[in-house]
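Spelled out, the chains give:
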Amino acid sequence: MSLQSGLDALKQKRYQEAVELLEQFCRDCVERDSSDYLSAQMWLIKAYQATGEIEKAKMLCQKLIMSENPQARSWAQKASQSLGQTPSNTNQKAGRAATTGMKLAMGGVGGSLALASGVTMTLLFGMVFALGLSLVFILGSDNPQQGLAIAIGITLVFNIAAFFLSPFLMDLTQSWLYQTRWVELAEVESLSPETAKVIRQVCEHKKLKTPRLGIINDQNPTAFTYGSLPNSARLVVSQGLFTYLDDDEIATVYAHELGHIVHWDFAVMTVASTLVQISYLIYSTAIRLGRGGDRKIKDAMQTAALVAYVFYLIGTYLLLYLSRTREYFADHFAAESTGNPNGLSRALVKIAYGILEEGSRTQEPSRLIEGTRALGIYDHKAAASTGTAYRLASDPQKVGRVFLWDMFNPWGWWMELNSTHPLTGKRVRALSTYAEQLGLPTEFDMGRVIKEGKTLSKSRLYSNFFLDVVLYGAETICFLIGLVMGVILWSSSPNTGLAFGAPLIGLGMGIIVKALVMFPDYKQAAETDILTLMSDPYASPLRGQPAKLKGQLIGRGDAGYKFGSDLKIQDRSGMLYLRYASRFGPIGNFLFGMKRVKSLIGEQVGAVGWFRRGIAPWMDLIQLQSENGTIVNSYHRFWSFILGGGSIILGVVLIMFLSS
């Protein structure tokens, strides 16, 4: 795709075509500092203006203002004046409080941070201590008192060392992986004046030293905090935060991160994460020590390994619960300290939009977003639905509707158990209650969303959910039913094949039944768009919804995997991941990713598949067909029917063979 073709389309006033050509050129351009790339960005701003996509033009203009090229920077500064401050949607921003610091009731949102932190840390310390003590005794200490002292010493030394050394190890990691640049408050103030004001205000009021401030040169918007003590905390953001968010919204993000510092969240999470890892370390060590040797020690080690792994699982879910709780309290702190809960609501949605936009401009997912998922202000896996809705922000209700799934679908609650962050809809809902307490209109009219949610069919939501949970274990359930029936029939028959064949028949039937629900008939799949699919409050991660999409393949969907077989498709309403499955299994996936995917990127395609929604939405691909006639078939159902049918046939053969 040439730059000239995009410029020609723009000059001939074929503005929509110009946008597509210039966006494609920017995605394909390898040298992001080249004059051609910068020229394409400048012309793209003009194309966005011509098509009325002012918000995109403003964001791209802000990005060029940060450029190291002085000509591009100067041009962008002049262009920004002509863009003005009017966002692309026709609705005005919801307002903010005239004063800050007003106490806001949480109304039970997020639970108790002190209780969550205390219980989690106490249980984790107790787990690690008990495991360390058991290992010392198992290894055969002749002196129980000495063993107790050693166990206490190991636990304390390891955790104290982890507490104080982990920030410095993080500093090294940040510098190596992301080239974090440490800056003074004055530089942050030049980028966002209100942010500097909030930092000074919070630090003065809470008697804190200004955190060490870092900026990562990455356009994916994110922010995170880490450290050991409040007065030695690090607060790091990406350059994308200044590109995609307005000044008041950036300030609320910094206030959110300052909330983590004030609440000691970063320190608690640092230690808690370490303790969970110690449990896993003890598990893996006990497994190794339990191989061979004295039978008594071997049995003891296996028991210790089992207990350690159970503690590791419990600790992991305690850590996830604590992580979600601290996000609610940091949001609450930001709302109180800035008087602008609506600003943080907008920030969360715009961060999702920024992650989605940056993902559409590169063929590989961001290493920064992947690597800081647990630390960041936003779980990037939840960005697709919210970011897609914001693309069509001329009507904020389109943003609000994608939150229906977060708040009312029982799968949302189930999936959230495995997430480091609360679902976006729940966070925006909590922020809306703070706005109401301040007497402000809410950003996305969550009251109307809640009202619509109450009209949803509860029987459909919950009956589908409980049935799907059962279907998730269909193979195991049917295997056990087959086993029981086989044993019963065997007890009244001399055919031993019943005891072996019936469970296999049950297993095969379970696999096939599950496959029929996951992969229903797709021949009547309706043509739709990505936003419509994401706005479905009844969507399930198991029950596939047949759909047809038309769009452009813009990159791989596998994070950091050069030969990944999954793809990203983008239409006018958003972006969605397509999961590919070869009929030859993992080897076929690898070969497809290595040989075919690169040639498909950039193609306009029609895609047929089964849409699913979890924390992140995706589509299991059935077929891709491009304009030049290229057809790609995907075989998600293939192996299910092969394995299910094979298991049934094997079971029947065993029954017949052993009966003779």
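To be clear, the structure that these remarks concern was listed above.
To keep things clear, this report deals only with the structure shown in the data block. The structure presented is a predicted model; accordingly, all values stated were derived computationally and were not measured.

### Re a nonpolar patch on the surface
Thought 1: Residues F500, I649, V653, F657 and L658 make up a contiguous nonpolar surface patch of about 520 Å² in total accessible area.
Thought 2: The greatest single-element share of the nonpolar patch, amounting to four residues, is contributed by helix 28 (residues 636–659).
Thought 3: Mapped onto the elements of the fold, L658 is located in helix 28.

### Some words on the pairing of strand 3 (residues 223–226)
Every regular strand shows the same layout, with side chains that alternate between the two sheet faces.
Thought 1: With burial as the criterion, each face of strand 3 is covered, one bearing A223 and T225 and the other bearing F224 and Y226.
Thought 2: In terms of strand pairing, strand 3 meets strand 4 (residues 234–238) through four bridges, oriented antiparallel. The residue bridging Y226 from the neighbouring strand is R234, located in strand 4.

### Considerations on the pattern of salt bridges
Thought 1: Scanning the entire structure with this criterion turns up 16 salt bridges.
Thought 2: Between R14 and E17 there is a salt bridge whose closest N-O contact spans 2.4 Å.
Thought 3: By relative accessible area, which is 35% here, E17 ends up partly exposed.
Thought 4: Taking the shortest distance from any N to any O, the salt bridge between K350 and D246 comes out at 3.4 Å. With K350 in helix 14 (residues 341–360) and D246 in the loop between helix 10 (240–244) and helix 11 (247–262), the pair connects residues that are 104 residues apart, well separated along the chain.
Thought 5: Shared partners join several salt bridges into a network, and the residues in it are D246, D248, E249, R346 and K350.

### Quick look at the sheet that holds strand 3
Thought 1: Taken in spatial order, the four strands of this open sheet run 1-2-4-3, and their pairing is mixed. Here the strands that pair on one side only, and so sit at the sheet edges, are strand 1 (181–183) and strand 3. Neighbour to neighbour, the strand axes of the sheet diverge by 30 degrees on average, direction disregarded.
Thought 2: Seen against the sheet, helix 11 touches strand 2 (212–216), strand 3 and strand 4 and runs at an angle of roughly 20 degrees to strand 3.

### Points about the side chain of S192
Thought 1: Along the polypeptide, S192 turns up in the loop between helix 8 (185–191) and helix 9 (193–205).
Thought 2: We classify S192 as buried; its relative accessible area is 0%.

### Regarding the nonpolar core
Thought 1: Y254, Y378, I569, L578 and L624 are the most contacted members of the largest nonpolar core, which has 81 residues in total.
Thought 2: Those residues within four positions of Y254 in sequence are excluded, and the remaining contacts are V188, T195, I199, L213, L235, V237, L241 and F242.
Thought 3: Core analysis: the next-biggest nonpolar cluster, separate from the first, contains 27 residues, L10, A18, C29 and M42 among them.

Analysis parameters
Residues numbered from 1 in each chain as written. Predicted model: local features only at pLDDT ≥ 70, side-chain atom pairs only at ≥ 80, totals over all residues. Heavy atoms only, no water. Patch = residues over 30% accessible without salt bridge, like charges linked within 9 Å, V, L, I, M, F, W, Y side chains within 5 Å. Areas by Shrake-Rupley, 256 points an atom, 1.4 Å probe, with all protein chains shown as cover. Salt bridge = Lys/Arg side-chain N within 4 Å of Asp/Glu carboxyl O. Helix = DSSP H or I, 4+ residues; strand = E, 2+ residues; numbered from the N terminus. Buried < 20%, exposed > 50% of the residue type's maximum accessible area, 1.4 Å probe, protein only. Pairing = 2+ DSSP bridges. Axes fitted to C-alpha atoms, helices over the stretch in contact; angles between N-to-C directions. Contact = heavy atoms within 4.5 Å. Core = buried A, V, L, I, M, F, W, Y, C linked by side-chain atoms within 4.5 Å.

Just distances and angles here, no functional claims.
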